[in-house]
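Here are the chains, one letter per residue:
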Amino acid sequence: MGYVPIFVALLGLVLLYTVYTYNLIKPRKARLTKVIDEMARNSGVRKNIVLTYDRENEGSNLAEVANMLKKTSTDRFQSYRKEEELMSAIGSAASGLGDEKLSVELLETNKTQEELIKKLQSVSNEYNAFIKKAPASMVASIFGFRQF
């Protein structure tokens, strides 16, 4: 009977620490998801602008970008490399457009996307650094949190 209370107390301590660590991981993951959702909204706006202009003006500077956008299955973030390629293609195509208002709007969405990518990198670095630590990594693996 002497070891049972000690064992129960240790299990309670482990349980409390697990809940505490989980509550530290969850907001970091939520911030990461929020930034990805913002990027998806901005990407959707950008995609609609490009595809609408391409439909109305066959053979425009945005035709190649429209084909790239048609090949992507989602507006959500897929990789930094794909996003950089798309932003550079849109930037170069937008600078050669005759419609100044549309060009400014596309460049503005590109700038917003670039800012969101920087924000995503900082948030994901914080999240990854936290779940790499020894106690948090165990809790993260139990609850299914993976590195970004």
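Scroll up for the structure.
Residues numbered from 1 in each chain as written. Predicted model: local features only at pLDDT ≥ 70, side-chain atom pairs only at ≥ 80, totals over all residues. Heavy atoms only, no water.

1. Describing the environment of Thr33
- Secondary-structure assignment places Thr33 in helix H1 (residues 4-56).
- Overall, Thr33 belongs to the partly exposed group, its relative accessible area being 32%.
- The spacing of Thr33 and Gly98 is 65 residues in sequence and 37 Å in space, taken between C-alpha atoms. (Helix = DSSP H or I, 4+ residues; strand = E, 2+ residues; numbered from the N terminus. Buried < 20%, exposed > 50% of the residue type's maximum accessible area, 1.4 Å probe, protein only.)

2. What about the packing of aromatic side chains?
- Inspection of the entire model under this criterion finds three aromatic pairs.
- Judged by centre distance (6.2 Å) and plane angle (40°), the rings of Tyr17 and Tyr20 are tilted. Pair noted here: Tyr17 and Tyr20 are both in helix H1, with a separation of three residues, about one helical turn.
- When the centroid spacing of 4.7 Å and the interplanar angle of 50° are considered together, the rings of Tyr22 and Phe143 count as tilted. Within this pair, whereas Tyr22 is found in helix H1, its partner Phe143 is found in helix H5 (residues 134-143), the two being separated by 121 residues in sequence.
- Accessibility expressed as a relative area gives 24% for Tyr22, which makes it partly exposed.
- Using a relative accessible area of 42% as the deciding quantity, one classes Phe143 as partly exposed. (Phe/Tyr/Trp six-rings, centres within 6.5 Å; stacked < 30°, edge-to-face > 60°.)

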